[in-house]
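So the chains spell out like this:
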Amino acid sequence: MRRSALFLPTLKENPTEAQIISHRLLLRSGMIRQTSAGIYCWLPMGFKVLKKIEQIVREEQDKAGCQELLMPTIQSAELWKESGRYNDYGKEMLRFKDRHEREILYGPTNEELMTDIFRQAVKSYRDLPKLLYHIQWKFRDEVRPRFGLMRGREFLMKDSYSFDLDYDSAKKAYNKMFVAYLRTFARLGLKAIPMQAATGPIGGDLSHEFIILADTGESAVYCDQKLLDKNPLQDSVHYESDLQEIVDSWTSHYAATDEKHDPVRCPIPTSQLVSARGIEVGHIFYFGTKYSEAMKASITTQEGQNIYVHMGSYGIGVSRLVAAIIEASHDDTGIIWPESVAPYSLGLINAVQSDAHVTKITGQIYDQLRQQNVEVLYDDRDERAGTKFSDMDLIGVPWQIIVGTKGIKNGTVEVKNRKTGQREMISQESIYAKFNNIKVGLRC
Ligand code: 5CA
């Protein structure tokens, strides 16, 4: 993409309404715009990042054997009355009526709708287990929407639902999601720590939140130092094998969110306990028959008995992740995108726009890189080199190629790594080999 054609309304000044760095950088780099409290427009570059995160989340769900479907944003109040949550959910739920005076709502989550779909279709133990998910916008009328995408009112969530015959089988689904989450967050370049968590309005008694440590996080969290030293899970996983060992290797160390942490009963010495703030990027729940009983989702067992299915639900805050990644990866000059989610793999800077020869060569490099399917952002604007450099740093593209008069005379260009700041002069020809394999978002 040529920068001159890209719709990227960057801001020079820090927006005063933004209190945390991710919100400031998202606004300044022209990725999102607020339309009303907690509701945002996704501008082209922000939208690209959101889609890349969504795709990684999707691939890891698919690998774990979870099947994608799509449920609507608007739901009928009837289902929520059946589960009993229509009243319980309170003011966070956005309720309205259609022209026939039927009560409807904008879904804050989908346990009811999913249970309804399941109970209509599945009647026998033979059809179990099932794991289903969708990636859909949610609305929660938060009292205090804040920190930009972190606590929005409208936000994108991946939510999965598991249906099993009994606890043991449901625990296997829980473990699958646990492991899929570790893999997902590792691919996003994040160190997420699973922690015992309270279940709130979703219910049940087994639950883990996946937490990224960050000073700006909304939750107070406590965990064993050993978890911080643990390597993220990146090896390939056989989901049909027993995953309990992997889950145990994380859950055997103490980690709890504020609501679950009890300083008196904490099993590890204070010297080993890290007390920090964190961002909740995922939350998984096993709640047994809470919804299946209330909504009569039963199946027949092999012995001919009628039983309620055991269920769990598993959420990832896809839009929140955009902000969480920035909180975890930025410097004074801007965002530093991990390669897996960067909007472009590399930025190509024409440092001397007025020099026809430089412009010609930069154009050739751009064409060649595009032919190699490299996602390249070419800053071809008639701007000072300094403006282009600081803009590219702000946007946070992982690699920069800088083309200038002096280098071109010797057949070289400068390559800069955004994260390390390292610069090297390389020959023009070797650019293509160096970036041949850089296909952002497609790496496994
Ligand atoms: N039904 C369950 C699991 S699918 C559920 O709704 N869980 S949740 O309430 O914990 O939400 C799942 C994830 O969505 C959270 O871990 C968080 O990352 C994200 N999330 C929740 N509320 C917001 C919000 N207001 N803004 C942005 N992301 C949010």
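Residues numbered from 1 in each chain as written. Predicted model: local features only at pLDDT ≥ 70, side-chain atom pairs only at ≥ 80, totals over all residues. Heavy atoms only, no water.

Further remarks concern the site of the ligand. Among the 22 residues in the neighbourhood of the ligand, the closest are listed as T109, E111, R140, G152 and E280. Contact between the ligand and M150: a nitrogen atom at 3.4 Å from a main-chain N or O atom of the residue. In this structure, E280 approaches the ligand through a side-chain N or O atom, which is 2.4 Å from an oxygen atom. Here the ligand has 600 Å² of accessible area as a free molecule, and 96% of this is covered by the chains. In this structure the site holding the ligand corresponds to the largest pocket. For the shell around the ligand, the secondary structure elements donating two or more residues are β8 (154-164), β13 (273-288) and β16 (310-317). (Near = heavy atom within 4 Å. Polar contact = N/O pair within 3.5 Å; in protein donor to acceptor, adjacent residues only side chain to side chain. Areas by Shrake-Rupley, 256 points an atom, 1.4 Å probe, with all protein chains shown as cover. 1 Å grid on protein atoms, 1.4 Å probe; cavity = no way out; pocket = protein on both sides within 12 Å on 5 of 7 lines; lining within 4 Å. Sits in = over half its atoms within 2 Å of the grid points. Helix = DSSP H or I, 4+ residues; strand = E, 2+ residues; numbered from the N terminus.)

The volume enclosed by the largest pocket comes to roughly 900 Å³. Taken together, 41 residues make up the lining of the largest pocket; nearest its centre are R140, R151, E280, H283 and R320. For the lining of the largest pocket, the leading source of residues is β13, giving seven residues. When the residues that make up the lining of the largest pocket are grouped by side-chain class, the tally is 16 nonpolar, 13 polar and twelve charged. (Points joined across faces, edges and corners; volume = space filled by probe spheres on them. Nonpolar A, V, L, I, M, F, W, Y, C, P; charged D, E, K, R; others polar.)

Attention now moves to the pattern of salt bridges. Evaluated as defined, the whole model comprises 32 salt bridges. Between E111 and R85 there is a salt bridge, with the nearest N and O atoms lying 2.9 Å from each other. One end of the pair, E111, is in helix α5 (residues 111-121); the other, R85, is in helix α4 (residues 85-88), and 26 residues separate them in sequence. Using a relative accessible area of 1% as the deciding quantity, one classes E111 as buried. By relative accessible area, R85 is classed as buried at 2%. Two residues, D116 and R119, come together in a salt bridge whose shortest N-O distance is 2.8 Å. One end of the pair, D116, and the other, R119, are both in helix α5, three residues apart, so they sit about a helical turn from each other. Each member of the pair, D116 as well as R119, is classed as buried. Among the charged side chains, a network of salt bridges with common partners joins E59, E60, K63, R183 and R187. (Salt bridge = Lys/Arg side-chain N within 4 Å of Asp/Glu carboxyl O. Buried < 20%, exposed > 50% of the residue type's maximum accessible area, 1.4 Å probe, protein only.)

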